[in-house]
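Examination of the molecular architecture
The chain contents come next:
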Amino acid sequence: MYRNSALLVRWTLAIVGLLAAGMGYAATPYHDAAAGWDHLFHEVIIDLLVLGISFGLVTGYLILKYRRTPDNPVSTARPLSTQAALGWALIPAFIFMADDFFIAANGWQLWNSYRTVPAERLEVKLESGMYSWDYTYANGIHTQNELIVPAGKPVMLRMTSRDTIHGHFIPDFRVKEDSMPGRTTFLWFLPKQAGKEHLVTCSMYCGVMHSMMPGKIIVKTPEEFQAWYEQNAPAAKAAKAAEPDKVGDKAA
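First, a word on what this report is: a plain description of the structure on this page. This structure is a prediction, so every number in the text was calculated from the model and none was measured.

So, on to the pattern of salt bridges. Throughout the structure, instances matching the rule amount to nine salt bridges. For R162, the salt bridge goes to E127, with nearest N and O atoms at 3.0 Å. Remark: E127 occurs in strand β1 (residues 122-129) and R162 occurs in the loop between β5 (155-161) and β6 (166-170); sequence separation between them is 35 residues. Here E197 makes a salt bridge to K216, at a shortest N to O gap of 3.8 Å. With E197 in strand β9 (residues 197-202) and K216 in strand β10 (residues 215-220), this residue pair connects regions lying 19 residues apart in the sequence. Judged by relative accessible area, which is 48%, E197 ranks as partly exposed. Of the residues examined, K216 reaches a relative accessible area of 28% and is grouped as partly exposed. What emerges from the salt-bridge pattern is a single network uniting R121, E123 and R158.

Below, the structure is given as structure tokens:
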């Protein structure tokens, strides 16, 4: 009985040590939400593997050691004392709960960090509706179902809806937020690589054509984005449209 209790204590210390070793790694601050969520998911998988394999080995050892055999049909396990029974029940429960709180604390920390939007950002208004994503930039550019952004700069969407609840989900950036009538919500992400396109989809069932509501994010270099941003501004378009009339007036 005492040997079994000592074995349980050794396994407990080993598991706690492995989880503690991972704690410092998981506490790394992230400025990129996608990297943070990926890392947290990686931590969850590691913790589940460590706990699952550890408890599986202990359970397997006890099953083999105290199994019934032809020479010993009643097995050799001795009744546990009250202290040992409490130890076998509470110590594994403590390990599981400690790991759950550890993962939850890191998830909460990451969420709070994500909700602090970088000051140097591109801010775009989004109005969602059945069945489109309507983006409006600060200079008045309006696009539908296409969000054009520069690489290397955080992008923040201030979102609302003109009809029902829609979920603006960008799988590649691990972000999703609902937009709804009468309320402004937001999300932000960090596009890194120019020349790539990223899918946008609605994650909330919003009507019979819910599945026909895709969008895309087009990432350009900062120079390409600035040129597009200036050329497609309403004022620039209006000036360009007026140029032929001026030429015609001079010719007359």
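Here the focus is the pairing of β9. Side chains of β9 alternate between two faces, with H198, V200 and C202 buried and E197, L199 and T201 left unburied. The sheet contact formed by β6 and β9 spans two bridges and is antiparallel. Its bridge partner lying in β9, H168 is registered against C202. As paired elements, β9 and β10 share four bridges and run antiparallel to each other. Within the sheet, the bridge partner assigned to H198 lies in β10 and is I217.

In this structure, Y137, L147, F189 and I217 are the most contacted members of the largest nonpolar core, which totals 36 residues. In contact with L147, not counting residues within four places along its chain, are V124, Y135, Y137, L157, F189, K216, I217 and I218.

Parameters and conventions
Note that residues are indexed from 1 along each chain, following the sequence as it is written. Only residues with pLDDT of at least 70 are given local features in this predicted model, and only at 80 or more are side-chain atom pairs given and counted; all residues enter the totals for whole chains, interfaces and linings. Side-chain figures throughout are based on the complete set of non-hydrogen atoms in the structure, without hydrogens or water. Within this document, salt bridges are pairs made up of a side-chain nitrogen of Lys or Arg and a carboxyl oxygen of Asp or Glu, the two lying within 4 Å of each other. Secondary structure elements follow DSSP: runs of H or I of four or more residues count as helices, runs of E of two or more count as strands, with numbering from the N terminus. Only protein chains enter the accessibility calculation, which uses a 1.4 Å probe; a residue is then buried when its area is under 20% of its type maximum, exposed when over 50%, and partly exposed in between. Paired strands are those between which DSSP finds at least two bridges. By nonpolar core we mean a set of buried residues, namely Ala, Val, Leu, Ile, Met, Phe, Trp, Tyr and Cys, connected to one another through side-chain atoms within 4.5 Å. Whether two residues touch is decided by their heavy atoms; if any such pair falls within 4.5 Å, the residues are in contact.

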